[in-house]
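Residue strings, one per chain:
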Amino acid sequence: GAPVMAGLIAAVVGGIVAGAIGGSPLQVSGPAAGLTVVVAELVNSVGWKVTCLITVGAGLLQILFGLSRIAQSALAIAPVVVHAMLAGIGVTIALQQVHVLLGGTSASSAIENIKELPDQLTRIHGPDVLVGGIVIGILLVWQFVLPRLTSHRWATRVRTIPGPLVAIVAATAVTMLFSLNAERISLTGNFFDAIALPELPSGNWGAVAMGILTIALIASVESLLSAVAVDKMHTGPRTNFDREMIGQ
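What counts and what doesn't
- Note that residues are indexed from 1 along each chain, following the sequence as it is written.
- In keeping with the model being predicted, local features are shown solely for residues with a pLDDT of at least 70 and side-chain atom pairs are shown and tallied solely at 80 or more, while totals for entire chains, interfaces and linings include all residues.
- In computing side-chain properties, one takes all heavy atoms of the structure into account and sets aside hydrogens as well as water.
- Only DSSP runs of H or I reaching four residues or more are called helices, and only runs of E reaching two or more are called strands; each is numbered from the N terminus.
- With a 1.4 Å probe rolled over the protein chains alone, any residue whose accessible area is under 20% of its type maximum counts as buried; one over 50% counts as exposed, and the rest are partly exposed.
- Joining through side-chain atoms within 4.5 Å is the link that ties buried Ala, Val, Leu, Ile, Met, Phe, Trp, Tyr and Cys residues into a set, and such a set is a nonpolar core.
- In what follows, residue pairs with any heavy atoms lying within 4.5 Å of each other are defined as contacts.
- Only C-alpha atoms enter the line fits that serve as axes; for helices the fit covers just the stretch in contact. Angles between N-to-C directions range over 0 to 180 degrees.
- Convention used here: angles under 35 degrees read as roughly parallel, angles over 145 as roughly antiparallel, angles from 65 to 115 as roughly perpendicular, and any remaining angle as oblique.
- When the near helix sits turned anticlockwise from the far one by under a right angle, the crossing is termed left-handed; a clockwise turn instead gives a right-handed crossing.
- Amino acids outside the nonpolar list (Ala, Val, Leu, Ile, Met, Phe, Trp, Tyr, Cys, Pro) and the charged list (Asp, Glu, Lys, Arg) are all regarded as polar, and Gly is one of them.

## Some remarks on unusual backbone geometry
1) Next: Its identity is not glycine, yet Arg69 carries a phi of approximately 65°, on the positive side.
2) Next: Position of Arg69 among the secondary structure elements: in the loop between helix 3 (48–67) and helix 4 (79–101).
3) Next: Taking relative accessible area as the criterion, Arg69 reaches 62% and is therefore assigned exposed.
4) Next: Positioned with a positive phi, Asn204 is a non-glycine residue whose angle comes to about 55°.
5) Next: You can see Asn204 is positioned in the loop between helix 8 (163–177) and helix 9 (205–231).

And the structure:
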């Protein structure tokens, strides 16, 4: 029930704002697998515009988390919890996307995606597999081949370009040049129709309050644990968790 364009607007705005204000040098700001079910249920139960209100409330609560300096407590979480969370999200996303890669449609749960995988393997759509293969191939080259070519000046320059961006542009170009019948994302409506002001609920304030708390907690935990994991992967500046909370 939510407009697709609104998700793109939120991703762009969130990436710019959290990137500029947040306290992590390397962080992802966007749709999180852990929030998908929660947000979908809120849109279904209280409506899209009330869900916008809940999102604003959750954001204000996150700012309070940052100002109260409780975000630093994320450092007390055992690394195994961080790794398990990120692995769980990764497996969930992979099980969904393998169906899309093969030309099908993913189900809403990991278990259903596993059950439907054998049947999907009998209905492979060639153009979709080709496009997905191009993306995966370029990502592997960027991650494993180019770093080994450090003696070549051109390889060092090429690596400054993000691999995912190159992969998307290349795959899109191939589909257009060869008119491949690969599934594309269809955006309906215009930019302004997707912008909705928050709306007060006609009742059921308990569900709204619980939604605000749930989104704030899940979004905060995922962001902070991701920041902890990223800090362990590089030797650069450490994350300012309270500032990151305010930015998110």
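Moving on from the coordinates now.
## A few points about the nonpolar core
1) Next: Among the nonpolar cores identified, the biggest contains 22 residues, and Ile54, Ile215 and Phe241 are the most heavily contacted of them.
2) Next: At the level of secondary structure, the elements contributing two or more residues to this core comprise helix 2 (33–46), helix 3, helix 4, helix 9 and helix 10 (241–247).
3) Next: At nine residues, the largest contribution of residues to this core is made by helix 9.
4) Next: Contacts of Ile215, omitting those with residues within four sequence positions, involve Leu35, Val38, Val39, Leu42, Ile54 and Ala58.
5) Next: Counting residues in each nonpolar core, the second largest holds five residues, with Ile138, Leu146, Ala155 and Ala167 among its members.

## Describing the packing of helix 6 (residues 126–145) against helix 8
1) Next: One can describe the packing of helix 6 onto helix 8 by two numbers: an axis separation of 9 Å at closest approach and a directional angle of 150°. Between helix 6 and helix 8, the angle falls in the class roughly antiparallel. Taken as a pair, helix 6 and helix 8 cross one another with a handedness that is right-handed. Residues Val131, Ile134, Val135, Ile138, Leu139 and Trp142 of helix 6 pack against Gly163, Pro164, Val166, Ala167, Ala170, Ala171, Val174 and Thr175 of helix 8.
2) Next: Each residue belonging to the contact of helix 6 with helix 8 can be placed in one class, and the counts come to 12 nonpolar, two polar and no charged.

## Describing the packing of helix 4 against helix 5 (residues 110–121)
1) Next: Taken N-terminus to C-terminus, the directions of helix 4 and helix 5 make an angle of 30°; their axes are 9 Å apart at the nearest point. Looking at the two axes, helix 4 sits roughly parallel to helix 5. In the packing of helix 4 onto helix 5, the handedness of the crossing is left-handed. Contacts between helix 4 and helix 5 involve Leu95, Gln96, Val98 and His99 from the first element and Ala110, Asn113, Ile114, Glu116, Leu117 and Gln120 from the second.
2) Next: Looking at side-chain class alone, the contact of helix 4 with helix 5 contains five nonpolar, four polar and one charged residues.

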